[in-house]
Amino acid sequence: MFLEAKMTNISKYGIIAAVAILTAIILYNIWFVNNCPIKHVSVVNELEQYEKTLDPELCDNLVNKIIELNEECGIEIEPIDCG
């Protein structure tokens, strides 16, 4: 009976430790991993979508994202002309 209670406590601490480690890994990836490649892929996908639809609202948002990407990541994507 005492052994069962001891194993239960060990299991609880193991689960708590696993959750804490997993949380730390997720938070590390959110704050410290370079997001530039992800943003670049997103902008390229939106460029392809814009070329298919030629939606002026999408164009305005896309120009802002391109400028932001160029400034933050040093990538030189030429902003599109929404004219």
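## Remarks on the state of the cysteines
Okay, step 1: Within this structure, the stated rule accounts for two disulfides.
Okay, step 2: Across the disulfide from cysteine 36 sits cysteine 73; the S-S distance is 2.0 Å. The disulfide joining cysteine 36 to cysteine 73 has a torsion of about -85 degrees about its S-S bond and is therefore left-handed. In this pair, cysteine 36 is assigned in helix 2 (residues 36–53) and cysteine 73 in helix 3 (residues 56–73), connecting sequence segments 37 residues apart.
Okay, step 3: For cysteine 59, the disulfide goes to cysteine 82, at an S-S distance of 1.8 Å. Between cysteine 59 and cysteine 82, the S-S torsion sits near -95 degrees, and that sign places the bridge as left-handed. Of this pair, cysteine 59 sits in helix 3 while cysteine 82 sits in the segment after helix 3; the two residues are 23 residues apart in sequence, bridging distant segments of the chain.
Okay, step 4: Disulfides within the chain link the bonded cysteines, taken in sequence order, as 1-3, 2-4.

## Description of the pattern of salt bridges
Okay, step 1: This model, assessed by the stated rule, comprises two salt bridges.
Okay, step 2: For the salt bridge of glutamate 72 with lysine 39, the shortest nitrogen-to-oxygen distance reads 2.5 Å. You can see glutamate 72 sitting in helix 3 and its partner lysine 39 sitting in helix 2, a full 33 residues away along the chain.
Okay, step 3: Look at glutamate 72 and you get partly exposed, because its relative accessible area is 47%.
Okay, step 4: Accessibility expressed as a relative area gives 32% for lysine 39, which makes it partly exposed.
Okay, step 5: Between glutamate 46 and lysine 65 there is a salt bridge, with the nearest N and O atoms lying 2.7 Å from each other. Here the residue glutamate 46 occupies a position in helix 2, and lysine 65 occupies one in helix 3, the gap between them amounting to 19 residues.
Okay, step 6: Note on glutamate 46: relative accessible area 14%, which makes it buried.

## Here we look at the nonpolar core
Okay, step 1: Counting 10 residues, the largest nonpolar core consists of Val43, Leu47, Tyr50, Leu58, Cys59, Leu62, Val63, Ile66, Leu69 and Ile77.
Okay, step 2: The element contributing the most residues to this core is helix 3, with six residues.
Okay, step 3: Not counting chain neighbours up to four residues away, the residues in contact with tyrosine 50 comprise Asp55, Leu58, Cys59, Leu62, Ile80 and Asp81.

Thresholds, definitions, all that
- Residues numbered from 1 in each chain as written.
- Predicted model: local features only at pLDDT ≥ 70, side-chain atom pairs only at ≥ 80, totals over all residues.
- Heavy atoms only, no water.
- Disulfide = S-S within 2.5 Å.
- Helix = DSSP H or I, 4+ residues; strand = E, 2+ residues; numbered from the N terminus.
- Salt bridge = Lys/Arg side-chain N within 4 Å of Asp/Glu carboxyl O.
- Buried < 20%, exposed > 50% of the residue type's maximum accessible area, 1.4 Å probe, protein only.
- Core = buried A, V, L, I, M, F, W, Y, C linked by side-chain atoms within 4.5 Å.
- Contact = heavy atoms within 4.5 Å.

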